[in-house]
Amino acid sequence: MPKVYGVMLSPYVRKVMLALEAKGVAYENEAVFPGALPEGYTDVSPLGKIPALSDGDLNLSDSTVINEYIEERYPEPSLLPSSVEARAKARWLEEFADTALVSALSVPFFQRVVAPMRGAETDEAAIASAEAESIPAALDYVESVVSGAEFLFDGKLSVADIAMISPIINAEIGQYTIDASRWPKAAAYATFIRSQEVVQKREAEERAMLGG
Ligand SMILES: N[C@@H](CCC(=O)N[C@@H](CS)C(=O)NCC(=O)O)C(=O)O
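What counts and what doesn't
- Residues numbered from 1 in each chain as written.
- Predicted model: local features only at pLDDT ≥ 70, side-chain atom pairs only at ≥ 80, totals over all residues.
- Heavy atoms only, no water.
- Near = heavy atom within 4 Å.
- Polar contact = N/O pair within 3.5 Å; in protein donor to acceptor, adjacent residues only side chain to side chain.
- 1 Å grid on protein atoms, 1.4 Å probe; cavity = no way out; pocket = protein on both sides within 12 Å on 5 of 7 lines; lining within 4 Å.
- Sits in = over half its atoms within 2 Å of the grid points.
- Nonpolar A, V, L, I, M, F, W, Y, C, P; charged D, E, K, R; others polar.
- Buried < 20%, exposed > 50% of the residue type's maximum accessible area, 1.4 Å probe, protein only.
- Helix = DSSP H or I, 4+ residues; strand = E, 2+ residues; numbered from the N terminus.
- Pairing = 2+ DSSP bridges.

### Here's the deal with the site of the ligand
Consideration 1: Taken together, Ser-10, Tyr-12, Pro-34, Lys-49, Ile-50, Pro-51, Asp-62 and Ser-63 are the residues near the ligand.
Consideration 2: Measuring from an oxygen atom of the ligand, one finds a side-chain N or O atom of Ser-63 at 2.6 Å.
Consideration 3: Structurally, the ligand is housed in the second largest pocket.
Consideration 4: Class assignment for the residues of the shell around the ligand results in four nonpolar, two polar and two charged.

### Let's talk about the pairing of strand S3 (residues 52–55)
Consideration 1: Residue alternation in S3 divides its side chains into two sets, Ala-52 and Ser-54 and Leu-53 and Asp-55, and both sets are buried.
Consideration 2: In the sheet, S3 pairs with strand S4 (residues 58–61) via four bridges, with the strands oriented antiparallel. Directly across from Asp-55, in S4, lies its bridge partner Leu-58.
Consideration 3: Hairpin geometry of S3 and S4 is characterised by an intervening segment of two residues between the two adjacent antiparallel strands and by a positive phi of about 60° at Gly-56.

In structure tokens form, the structure reads like this:
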């Protein structure tokens, strides 16, 4: 059975868990926290990051690489669109989500959830700065690529939807909700993807971990 290393609140770990769950693949999870890596963890994840995945003798790190492996190892249902062009666009949107979107939407999550867990104060100025600059820049782009309450490609869930929704869930946990009056398509898209059963189950497990 594959094993996912990493604490489930990480947007990158969530990407991998959602891909496995969307394909109905049973897996184990070892809740590795960044900053408290178990001994020998770099044998599995050479850069010491989460997530990592082991499956038999294979060790892999990086959520995108892991999800490519999952797609090939467990092909049904496919999480890639059917045309070459759409697959390329889906990979780009995954890359955008993993970089600019995670970076912007992690700020409220980090400041309101992670910092207090570490005994630090929430830096409201950092949140205000992200809400003024990086978050609108990222959401303007999301607004330009989504169509509203529908999947990005082929009327079905893809790696791009999984990558996009993952940091949006972090923002929600950090009490930041996409303003539907400013980004109506992005807000409707987020609500639609979050209403999918596989995403609802993942969020419920995470909320339970956070104590409801
Ligand atoms: N590109 C990597 C990014 C993984 C990543 O940065 N994970 C964070 C946690 S969300 C981490 O492990 N940070 C600790 C570190 O960078 O040392 C992926 O997609 O898996």
